[in-house]
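Observations on chain architecture
One-letter residues, chain by chain:
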Amino acid sequence: MQVEGKVALVTGGAEGLGRAFTEALLEAGAKVCFCDVNTEQGESTYTVLKSKYGSDRVIFQKCDVSNQTEMEGKSLNYLFRCTKETFGNIDIVCNNAGIGGEKPPLWGKVVDVNVKGCICGTLLALDYLSTEKGGSGGVIVNISSAGALNINPYGPVYLATKSAILSLSRSFAQNPLACSGGVRVNVLCPSFAETSLVRNISEQNTYDVNVARKFVEHTPSMSPKDVAEAFMELVVDESKNGAVLKCSKEKGKQYCTINVTYS
Ligand SMILES: NC(=O)C1=CN([C@@H]2O[C@H](COP(=O)(O)OP(=O)(O)OC[C@H]3O[C@@H](n4cnc5c(N)ncnc54)[C@H](O)[C@@H]3O)[C@@H](O)[C@H]2O)C=CC1
Ligand SMILES: CCCCC/C=C\C=C\C(=O)C/C=C\C/C=C\CCCC(=O)O
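Predicted model, so just to flag it, every value in this text is computed and none were measured.

What counts as what
Residues numbered from 1 in each chain as written. Chains lettered and ligands numbered in written order. Predicted model: local features only at pLDDT ≥ 70, side-chain atom pairs only at ≥ 80, totals over all residues. Heavy atoms only, no water. Pairing = 2+ DSSP bridges. Helix = DSSP H or I, 4+ residues; strand = E, 2+ residues; numbered from the N terminus. Axes fitted to C-alpha atoms, helices over the stretch in contact; angles between N-to-C directions. Contact = heavy atoms within 4.5 Å. Phe/Tyr/Trp six-rings, centres within 6.5 Å; stacked < 30°, edge-to-face > 60°. Buried < 20%, exposed > 50% of the residue type's maximum accessible area, 1.4 Å probe, protein only. Lys NZ or Arg CZ within 6 Å of the ring centre and 35° of its normal.

**A look at the sheet that holds strand E8 (residues 252–255)**
Ordered by their spatial adjacency, eight strands build an open sheet running E3-E2-E1-E4-E5-E6-E7-E8, and the pairing between neighbours is mixed. At either end of the open sheet lies a strand with only one pairing partner, and these are strand E3 (58–62) and E8. Neighbouring strand axes in the sheet, compared pairwise and without regard to direction, differ in orientation by 20° on average. Where strand E1 (residues 7–11) meets strand E4 (residues 92–95), three bridges bridge the pair, whose relative direction is parallel. Directly across from valine 10, in E4, lies its bridge partner cysteine 94. Along the sheet, helix H4 (residues 106–129) contacts E4, strand E5 (138–143) and strand E6 (183–190); its crossing angle with E5, the most-contacted strand, is approximately 175°.

**Examining the packing of aromatic side chains**
This model, assessed by the stated rule, comprises five aromatic pairs. Ring geometry for phenylalanine 34 versus phenylalanine 60: centroids 5.1 Å apart, planes at 40°, classification tilted. On the criterion of sequence distance, the pair formed by phenylalanine 34 in strand E2 (residues 31–36) and phenylalanine 60 in strand E3 is long-range, its members being 26 residues apart. As far as the burial class goes, phenylalanine 34 and phenylalanine 60 line up, both buried. Their ring planes at 50° and their centres at 5.9 Å tell us that tyrosine 154 and phenylalanine 215 sit as a pair that is tilted. Taken together, the positions of tyrosine 154 in the loop between E5 and helix H5 (156–173) and phenylalanine 215 in helix H8 (residues 209–218) put the pair 61 residues apart, joining distant regions of the chain. A cation sits over an aromatic face here: lysine 240 above tyrosine 255, 4.7 Å from the ring centre.

So, in structure tokens, the structure goes:
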């Protein structure tokens with residue numbers, strides 16, 4: 001896909017990986033609407049990006065991806081509508097917003113943000129991108145985790161949500177809603193990257209917090225820019241649909257095949 005001139009929507013773009021994805025898309029010539037629940041950080045990032053890329057190429061919207069109703073404030077429905085009204089079309093959607101949290105009552109919020117937010121964002125993206133519904137096709141990249149490809153005893157709930165995103169994306173890639181509408185659906189599975197999510201590992205969002213921190217310390221970490229490079233490959237390469245791309249500092253980019261065998 002030629003990214004120049006395309007329109008992208010990124011959730012959770014105020015900082016971390018979402019900000020890096022937003023910048024990579026802007027760098028490649030796209031117009032980008034990024035959203036975040038954190039207005040202060042979002043506005044601050046917007047100020048920087050606007051002065052670098054121009055106010056006609058980037059917009060920031062406050063939005064909580066776990067908000068399913070218009071009544072409660074800015075929902076994903078509103079975000080998609082606003083992006084289309086501002087830029088005229090949507091070609092690229094990245095469902096990135098995610099949080100960690102293992103213990104009650106936090107884990108319910110983790111499911112709402114990570115799973116429901118991603119499902120809602122994927123369904124809306126299919127609606128707006130599909131050639132059968134007035135769109136011009138395009139690509140959805142959902143953000144899972146390298147942890148979803150394996151087990152991790154420190155974050156079972158977080159990783160269950162990331163496994164859900166993996167299955168959701170691989171399955172929608174083969175679903176008629178996507179296939180007949182010219183929409184590719186890919187999933188990125190990063191290992192650890194240097195962001196607030198990892199810096200803020202605590203008793204709330206992990207089990208055995210000291211062991212978890214040691215595990216992180218001993219796993220080489222990527223910069224958000226490294227992860228954005230892998231993300232852009234899934235956007236640009238039109239041969240990739242249903243692709244599962246793992247990226248890590250040690251091994252770089254690796255496409256994964258998930259085989260299910262029955263005995
Ligand atoms: N940093 C890492 O090592 C890895 C991160 N990931 C995934 O990458 C994604 C981004 O994570 P990071 O950048 O590391 O985290 P981060 O905490 O640095 O950034 C996440 C952003 O999402 C926003 N956000 C949180 N809840 C939201 C909501 N309900 N609605 C809208 N925005 C919301 C936050 O305000 C923040 O700006 C997440 O889905 C995470 O699970 C996956 C693998 C590794
Ligand atoms: C472990 C749960 C912590 C809660 C959220 C904080 C950070 C999340 C980071 C990730 O999503 C990455 C998670 C796990 C990586 C797991 C294994 C990495 C192994 C390295 C590799 O396979 O190359």
